[in-house]
Amino acid sequence: MKRRRFMKSAGLLPAAFFPVPGLKDEKLTVTGIAVHEVKVNARGNWHFIELKTNKGITGLGEASHGFSAAAKNGAAQLHAEINLLFELVKGESPFAIEQFRQRGLKTAAAKGKTAITAFSAIEHALWDLTGKALGVPVYNLLGGKLRDKLKVYANINRATNERDASGRRLIASFQQNAENALKSGFKAVKLAPFDDMKPLKTADQKQIESDIDYAVSCVEAVRQTIGKETDLLIDVHSHLNKDLAIATAKRLEPSNLYWFEEAIDPEKYVEDTKAITDEIGQGSAGGESIFGRQGFNKIITTRALDIIMPDVKHCGGIQELRFIAAQAEIADNITVAPHNPSGPVSTAASVQVCASIPNFSILEYAYGEVPWRADLLSPAERFENGYIGVPDTPGLGHKLNETLLKKHTV
C-alpha cells in the first residue's frame, strides 16, 4: 500500500488532504472581521467577533465585559482595540496563533483590560478557525479531552436585580433565582450578596455590621432554599478586609460553602489572601481579573488560593489559560475553575480548555440574564443534570444563530 493511501486509511493525514468544505489548499488566510454587540441588560452587553477568511470559514471569539458598565464610550474603545489587533492577523494564516501572541500580547497587556479582552477574542477566533479548517475540536489541538462533560454552576448574581427601599437586592429574589436554577437542572449555585455593601473606607462600624449581617442572612436563606445537597458558592467581590473576611467566613461555615471567593483583591494583597485561606475552613477562590502566568505566579507559588479563576476573555485567551492551568498543576491541589459570567461564545471557548486540563474543578455559567441565550448558538447550548457536554464538532463547536443575532444586535 502506498504511504499516502495507508496514512489516509489510518486517519493520519492532516485535514488539508481531505475535502474540507470551502478549503481546497493550505493557503487559508484571514481577510476580514465583524464585531457584534448583543443587547443583554444594564450589567453589560455581549461582544462577539467573527474572523473571516478567503475560503469562507469563519472563527468566533468573545470580548464581553472588557470595560465597566459605567465607562463612557467603553464599547467604542473596545471595538477600536479589536480593529487595531485585527491588523496583526489580517492576511495571515489562522494557524499562526503563537505569532499573533508574540506580536500582540505584551502590547495589549500594557494597555489594560479592554485591550487584553480584545486580544483574547481574536485569539479565540484563531483557535476556532484552526479547528474548523482541520476538522477537529480545539481540545484536540490542546492535547485531547480528559472528560466528556463538565460540572457547571449557575451564577444567579447578574439576573438578581430587584431592590428594596435601601438599595439592597432582595433576599427573596436571590432565593427565587436559585430555585429556578435548580429547576433548570443545575446542581451548584453562586451569588454575590456582599455587592450592596458600603465601602469600608467611608462606612461606620454600625453600617459595616449591618451590611455583613444582611449578606450572611442572604447566604443562609439561599442555602435553606436549595437544600444541603446543592453546592453553594459565594463571591465577595473584594468588599471586605482580612479580619472581616476571616470572621465572616467562620460565620458562614454552617452553610457549607463550596468556596468563599475574593474577600479581598488576591492580586493586590497576596499575603493577606493566603492568611485568609490558611485560616478558614472553606475553600478559597479568586483571580477573575488577573492577566497571564506572571499575574498568577505569586498566588500559585505561595498557595494563596485553593482554586484559581482565570477568565478566558481577560487572562490572555485559550492558550494562556492552558498555560496558567499547567502552572497551577505543579502546585499540588490547586484546581482551576474559570471565571465565566459571560456570553455563550466565551463558555464554548472555556469548555474546550476545561475538557483538556487535569486540574479542572467547575465552570461558571451566567444564569437567567436572557431567555434566548442558549439558542444564540447553533447547535444550542445544552445542560443536563448540572453538566455541560463537551462537543465533538470542529473548532469551538458552534456557529452563531444569524437570525437571533440580528434580532438582538445593538
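1. Structural notes on the pattern of salt bridges
All chains considered together, the criterion is met by 21 salt bridges. In this structure, K298 engages E271 in a salt bridge whose closest nitrogen and oxygen atoms are separated by 2.7 Å. Of this pair, K298 sits in helix α10 (residues 292-301) while E271 sits in helix α9 (residues 270-279); the two residues are 27 residues apart in sequence, bridging distant segments of the chain. What makes E271 exposed here is its relative accessible area of 51%. Through salt bridges that share partners, E98, R101, R293 and E320 make up one connected network.

2. Here we look at helix α6 (residues 171-183)
For α6, spanning 13 residues, the distance from its first C-alpha to its last is 19 Å, which sits close to the expected 18 Å at 1.5 Å a residue. Taken as a whole, α6 has its buried residues at I171, S173, F174, N177, A178 and A181. The arc that holds every buried residue of α6, seen down its axis, measures 160 degrees, which confines them to one face. Along α6, exposed side chains directed more than 90 degrees from the buried face belong to A172 and K183. Buried positions along α6 lie against β4 (149-155), β5 (188-191) and α7 (205-226). Positive backbone phi, at 105 degrees, marks G185, one or two positions downstream of α6.

3. Observations concerning the sheet that holds strand β2 (residues 44-53)
The strand order across the open sheet formed by three strands is β1-β2-β3, and the pairing between neighbours is antiparallel. Edge positions in the sheet fall to β1 (30-41) and β3 (58-62), since each of these pairs with one other strand and no more. The sheet shows a mean angle of 20 degrees between the axes of neighbouring strands, direction not considered. With respect to the sheet, helix α2 (residues 74-86) is in contact with β1 and β2, its orientation differing from that of β1 by roughly 160 degrees. Across the sheet, helix α12 (residues 344-354) lies against β2 and β3, angled at about 100 degrees from β3, the strand it touches most.

4. A short note on unusual backbone geometry
The omega torsion of the bond from S378 to P379 falls at -5 degrees, within 30 degrees of zero and hence cis. Along the polypeptide, P379 turns up in the loop between β12 (377-378) and β13 (383-384). Phi at H65 takes a positive value of approximately 60 degrees, unusual for a residue other than glycine. Along the chain, H65 turns up in the loop between β3 and α2. With phi around 50 degrees, N256 is a residue other than glycine that occupies positive phi space.

About the cut-offs
- Residue indices begin from 1 for each chain and proceed along its sequence in written order.
- Two thresholds apply to this predicted model, a pLDDT of at least 70 for residue-level local features and 80 or more for giving and counting side-chain atom pairs, whereas whole-chain, interface and lining totals are computed over all residues.
- Computation of side-chain values: all heavy atoms of the structure, hydrogens and water removed.
- Basic side-chain nitrogens of Lys or Arg form a salt bridge, by our definition, when they fall within 4 Å of a carboxyl oxygen of Asp or Glu.
- Numbering of helices and strands starts at the N terminus; helices are DSSP runs of H or I of at least 4 residues and strands are runs of E of at least 2.
- With a 1.4 Å probe rolled over the protein chains alone, any residue whose accessible area is under 20% of its type maximum counts as buried; one over 50% counts as exposed, and the rest are partly exposed.
- How far a helix is expected to stretch is found by multiplying one less than its residue total by 1.5 Å.
- Each direction from the helix axis to a C-beta atom contributes to the arc, which is the arc of those directions.
- Contacts: residue pairs with any heavy atoms within 4.5 Å of one another.
- The pairing criterion for strands is at least two bridges between them, as found by DSSP.
- Whenever a helix is involved, its axis is fitted only over the stretch in contact; in every case the axis is a line through C-alpha atoms, and angles between N-to-C directions fall within 0 to 180 degrees.

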